[in-house]
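# Topology and contacts: notes
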Amino acid sequence: MTSESRRPLVGIPACRRQLDPHPFHVVGEKYVNAVVDGAGGLPLLIPPLGDRLALDELLERIDGVLLTGSPSNVEPHHYGGSADDSVPPHDPERDATTLPLIRAVIRHAVPLFAICRGYQEVNVAYGGTLLPRVHEVAGKLDHREDKSGVLEDQYAPAHEVHLTQGGLLERIAGTDRVMVNSLHSQGIGRLGDGLIAEAFAPDGLVEAFRVADATAFALAVQWHPEWKVTENPFSLALFGAFGEACRRQASRR
């Protein structure tokens, strides 16, 4: 197989979960499928080992990083929050892995695509803050899904987002407005330094951003484009753009 035809290797940081008496490292299947079917990549699960993970060595070997959503939330002490801002469950091992990984990814010019919790992690890594309960903030929508419904309804389009004029997302979408799903209770409070907003919800909440000084693809979204990625043209375009950036990275190695 030539370097041009070889699929790019995409790292996906895992969560740490307690299953029965033992801890496991897990990644949602829908994200793995989206890397394969949407980005055309070869997924590699990255264990949440914190400072035991050799970041520079890892990033010399992979061609992209996908930061996934998760039931867990970033611990508030990472963004200057108080104990009242704590919304369990938490995953300190994932925090200890992804927060330093994000800066290293940008430093190594490795393409980065971040979704939901991953979106919030990038904001925190760049000094931003989170709203622990968006639905309790005056003037904000309730961005949570109805967990009593079937998955098809939970992941159905929920609201429109306005894409920043001339931004990366507008170029990918070919329009300035798209419908997205919404399955999050937390959101961006203050946007981190060096991050540029790419999309806004009707209530003004930042729903997507890019890393300004990144020399490779570096995009983060609050919604879930990984859900049935091949059935949604905009989601497929997002993963396609990420996959193309990963292929360019692979070809440079």
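In the block above lies the structure referred to throughout.
Residues numbered from 1 in each chain as written. Predicted model: local features only at pLDDT ≥ 70, side-chain atom pairs only at ≥ 80, totals over all residues. Heavy atoms only, no water.

Let us look at the overall build of the protein. A tally of regular secondary structure across the protein gives 7 helices and 13 strands. Expected size for 253 residues packed as a compact globule is a radius of gyration near 18 Å; at 17 Å, the protein falls within 12% of this value. Taken over the C-alpha atoms alone, the protein extends approximately 55 × 45 × 35 Å along its principal axes. When contacts within the protein are restricted to residue pairs at least 6 apart in sequence, long-range pairs at least 24 apart make up 68% of them. The protein carries 24 positive and 33 negative side-chain charges, and their two centres are separated by 5 Å. (Helix = DSSP H or I, 4+ residues; strand = E, 2+ residues; numbered from the N terminus. Rg over C-alpha atoms; globule rule 2.2 N^0.38 Å. Contact = heavy atoms within 4.5 Å. Lys, Arg positive; Asp, Glu negative; His and termini not counted. Charge placed at Lys NZ, Arg CZ, Asp CG, Glu CD.)

Okay, the packing of helix H3 (residues 92-107) against helix H4 (residues 117-125) next. Two elements in contact, H3 and H4, have axes whose closest approach is 9 Å; the angle formed by their N-to-C orientations is 65°. The chirality of how H3 crosses H4 is right-handed. Across the interface between the two elements, Arg94, Asp95, Thr98, Leu99, Ile102 and Arg103 of H3 pack against Arg117, Gly118, Glu121, Val122, Val124 and Ala125 of H4. Along the lines of polarity and charge, the residues of the contact of H3 with H4 split into 5 nonpolar, 2 polar and 5 charged. (Axes fitted to C-alpha atoms, helices over the stretch in contact; angles between N-to-C directions. Left-handed = near helix turned anticlockwise from the far one by under 90°. Nonpolar A, V, L, I, M, F, W, Y, C, P; charged D, E, K, R; others polar.)

In this structure, the amide linkage connecting Pro88 to the following residue, Pro89, adopts the cis form with an omega of 5°. Relative to the helices and strands, Pro89 is located in the loop between strand E5 (64-67) and H3. Despite not being glycine, Asp20 shows a phi value in the positive range, around 60°.

One finds Leu59, Val65, Val122 and Tyr126 to be the most contacted residues of the largest nonpolar core, which totals 33 residues. Residue assignment for this core shows that the elements contributing at least two residues are helix H2 (55-59), E5, H3, strand E6 (112-115), H4, strand E11 (195-200), strand E12 (206-211) and strand E13 (218-221). With 6 residues, the single largest contributor to this core is H3. With sequence-adjacent residues up to four places away left out, Leu59 is seen in contact with Val65, Leu101, Ala104, Val105, His108, Val110 and Arg253. (Core = buried A, V, L, I, M, F, W, Y, C linked by side-chain atoms within 4.5 Å. Buried < 20%, exposed > 50% of the residue type's maximum accessible area, 1.4 Å probe, protein only.)

Further remarks concern the pairing of E6. Every regular strand shows the same layout, with side chains that alternate between the two sheet faces. Residue alternation in E6 divides its side chains into two sets, Leu112 and Ala114 and Phe113 and Ile115, and both sets are buried. The parallel pair E5 and E6, bridged by H3, forms a crossover whose chirality is right-handed. Alignment of E6 against E13, held across 4 bridges, turns out to be parallel. Across the sheet, the residue bridging to Ile115 is Val221, located in E13. (Right-handed = clockwise from strand over helix to strand, strands pointing away. Pairing = 2+ DSSP bridges.)

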